[in-house]
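Structural characterization, general
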Amino acid sequence: MDSRLAADLAGLPDLLTAARDYAAGILDDLGERPVAATRAEFAPQPLPVAGVGAARALQVFRERWAPGFSGSAGPRYLGFVTGGATPAALVGDWLTGAFDQNAVTRQDSSAVDLERETVGWLRSLFGLGAGHHGTFVSGATMSNTVGLAIGREWLGAQQGISVARQGVAALGDISVLSGAPHSSIYKALSMLGIGRDQLRTVPLLDDREAVDVAALEAALAAIDGPAIVVANAGTVNTVDFDDLSAISRLKSKYPFWLHVDAAFGGFAALSEDHKHLVAGLDQADSICIDLHKWLNVPYDAAIQFTRRRDLQLNVFQNAAAYLTPPEGDPDLFHLTPENSRRLRALTAWFTLAAYGAEGHREVVERNVAAARRFGEQVAGLPGVRVLAPVRLNVVCFAVDDVPAVLAAVARSGEAFLTPTVHRGVPALRAAFANWRTGEADADRVIAALAKALADG
Ligand SMILES: *Cc1c(COP(=O)(O)O)cnc(C)c1O
């Protein structure tokens, strides 16, 4: 054994303690460290021939890299839709690495059953029925991709063919309809060989990002044969929701696969006051929900639900002489893009075990309250125009010089926001999805923004 490796093995408890102490200090300071790092020089070092051992590597990391890392796990990082990691989720993440299970088969470990239990918990959390099967994937983009891959197989089944066997060319024309899809839907269509250009956007309701269901019905009526509909439950600009119940009712008249991208909007189901936004979600054929956003587990985790595990198995089965067969209650490498798989469920298991449905409901409601407060206050700042009502956890607003304001806020170290364009108007978004964030944080961001606007 390499001498440094042997020394690290002998000193492992001390090494873990050093990492623990360092991490505890970082997390203790998270509310005060600069939220966004200003970009430092990047001078890549050559590959070490002889290493330095883990203790010294930790020191090098602390000096060279950590100062450039953002405070994205903290309470005032409002860019994109970004969660943090709850204490229990972090414990789960550390133990995921320590046990390093390959969550694929029951032949040698109960890890797969832990994933199954966690899937069941998430199904209850989001109010889904037993008809939905779930698997963990790396993020919402992958969850959308898997859902649409199953939808693609369903399209084939309507014509008596298997796309998994014959390829996507056997399908002929493919119609994918959606109102205001997330960019990852286009990426998924590209990866699946359907093609980005096959997505046809359907008109939206006036002043909304929700699809006009009458227009969707007209589009479906004009299609000869089965289609895929991507419904959106929480758009990133204004967190608008398609009417999922009305869309699913169309299934009795027109043949289509209903995929719902509920990456973060799915968490509306946790709140009594907001769960009407996702009424009808259970009717979907496939559902995407991100976990590294609003469940506040570390990257990378999302869940993919579907009612058609048989078709999922057609797409992803991986038969080999040394593996279990793709039959009965199949092992997980038959159901997801990966074969070897990180036990991603452990972080979600820990946070749900620790805080339950109630604890996570409280996070959602506190974040929504912070977004509301932010929305009210930002509307009163000079030169600000709020572009949509605050339906859930994102505030979308326009200012004169978006890049300058964003840069000034980031430089202040107080907050981080990201830009967008909404209906042709350059705008900023403030997205609330971190378990630490409360109304006091909203106030601090407002103060930083007010200063940025005044100085601009
Ligand atoms: C974030 C997001 C995605 C993509 O999620 P990743 O985890 O970044 O892959 C897809 N859809 C919606 C609505 C999102 O908010």
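Residues numbered from 1 in each chain as written. Predicted model: local features only at pLDDT ≥ 70, side-chain atom pairs only at ≥ 80, totals over all residues. Heavy atoms only, no water.

Which entries qualify depends on this criterion: UniProt positions are given in the numbering used here, feature names are shortened, and annotations may be inferred rather than shown by experiment.
The name recorded for the chain in an unreviewed UniProt entry is Glutamate/tyrosine decarboxylase-like PLP-dependent enzyme, from Actinoplanes octamycinicus. Listed under Cofactor (unreviewed entry) in UniProt, the entry text for the chain is "pyridoxal 5'-phosphate". Turning to the chain, the UniProt annotation filed under Sequence similarities (unreviewed entry) states: "Belongs to the group II decarboxylase family."

1. A short note on empty space enclosed by the protein
Quick reminder of the rule: The pocket and cavity definitions rest on a 1 Å grid over protein atoms only: a 1.4 Å probe that fits but cannot leave marks a cavity, an open set with protein on both sides within 12 Å along at least five of seven lines marks a pocket, and residues lining either have an atom within 4 Å of a point. Grid points are joined across faces, edges and corners, and a volume is the space filled by probe spheres set on the points. Residues are grouped as follows: Ala, Val, Leu, Ile, Met, Phe, Trp, Tyr, Cys and Pro are nonpolar; Asp, Glu, Lys and Arg are charged; every other residue, Gly included, is polar.
In this structure the tally under the stated criterion is 1 cavity of 30 Å³ or more. Roughly 50 Å³ of internal volume is contained in the largest cavity. Split into classes, the residues belonging to the lining of the largest cavity amount to 4 nonpolar, 1 polar and 4 charged.

2. As for the pairing of strand S10 (residues 418–422)
Looking down a regular strand, the side chains alternate between one sheet face and the other. What counts here: Buried, partly exposed and exposed residues are distinguished by accessible area as a fraction of the type maximum, computed with a 1.4 Å probe on protein chains only: under 20%, between the cut-offs, and over 50%, respectively. What counts as a helix is a DSSP run of H or I of at least four residues, what counts as a strand is a run of E of at least two, and both are numbered from the N terminus. At least two DSSP bridges between two strands are required for those strands to pair.
Side chains Thr418, Thr420 and His422 of S10 all project onto a buried face; the interleaved residues Pro419 and Val421 project onto a face where none is buried. Direction of pairing for S10 relative to strand S11 (residues 425–431): antiparallel, over a ladder of 5 bridges. Residue pairing for S11: His422 is matched across the bridge by Val425. Here S10 hands over to S11 after 2 residues, with Arg423 in that stretch at a positive phi of 50°.

3. A few points about unusual backbone geometry
Between Tyr299 and the following residue, Asp300, the backbone shows a cis peptide bond with an omega angle of 5°. Within the secondary structure, Asp300 is located in the loop between strand S6 (286–290) and strand S7 (302–306). Positive phi outside glycine occurs at Asp207, with the angle close to 60°. A positive phi angle, close to 50°, is found at Val239, a residue other than glycine. Inspection of the secondary structure assignment puts Val239 in the loop between strand S4 (227–232) and helix H10 (244–249). Exposure remark for Val239: the relative accessible area of 0% places this residue in the buried category.

4. Remarks on helix H4 (residues 87–99)
We apply this condition: A helix's residues, less one, multiplied by 1.5 Å, set its expected span. Contact between two residues is taken to exist if any of their heavy atoms lie within 4.5 Å; hydrogens are not considered.
Given a rise of 1.5 Å per residue, 13 residues ought to cover 18 Å, and the 18 Å separating the end C-alpha atoms of H4 matches this to within 8%. On its buried side, H4 packs onto helix H12 (345–378). Within two residues after H4, Asp100 carries a phi angle of roughly 45°, on the positive side.

5. What to know about a nonpolar patch on the surface
The line we're drawing: Any residue with relative accessible area above 30% and no salt bridge may belong to a patch, with like charges joined within 9 Å and the nonpolar Val, Leu, Ile, Met, Phe, Trp and Tyr side chains within 5 Å. Surface accessibility in these figures is a Shrake-Rupley result with a 1.4 Å probe; residues are shielded only by whichever protein chains are displayed. By definition here, a salt bridge exists when the distance from a side-chain nitrogen of Lys or Arg to a carboxyl oxygen of Asp or Glu is within 4 Å.
A cluster of nonpolar side chains, Met1, Leu5 and Leu9, forms an exposed patch at the surface whose accessible area comes to about 370 Å². Take Leu5: it is sitting in helix H1 (residues 3–10).

6. Looking at the environment of Trp349
Looking at where Trp349 falls in the secondary structure, it is placed in helix H12. Sequence separation between Trp349 and Ala89 is 260 residues; the distance between their C-alpha atoms is 7.9 Å. In this view, Trp349 contacts Leu114, Glu117, Thr118 and Trp121; residues no more than four positions away in its chain are not counted.

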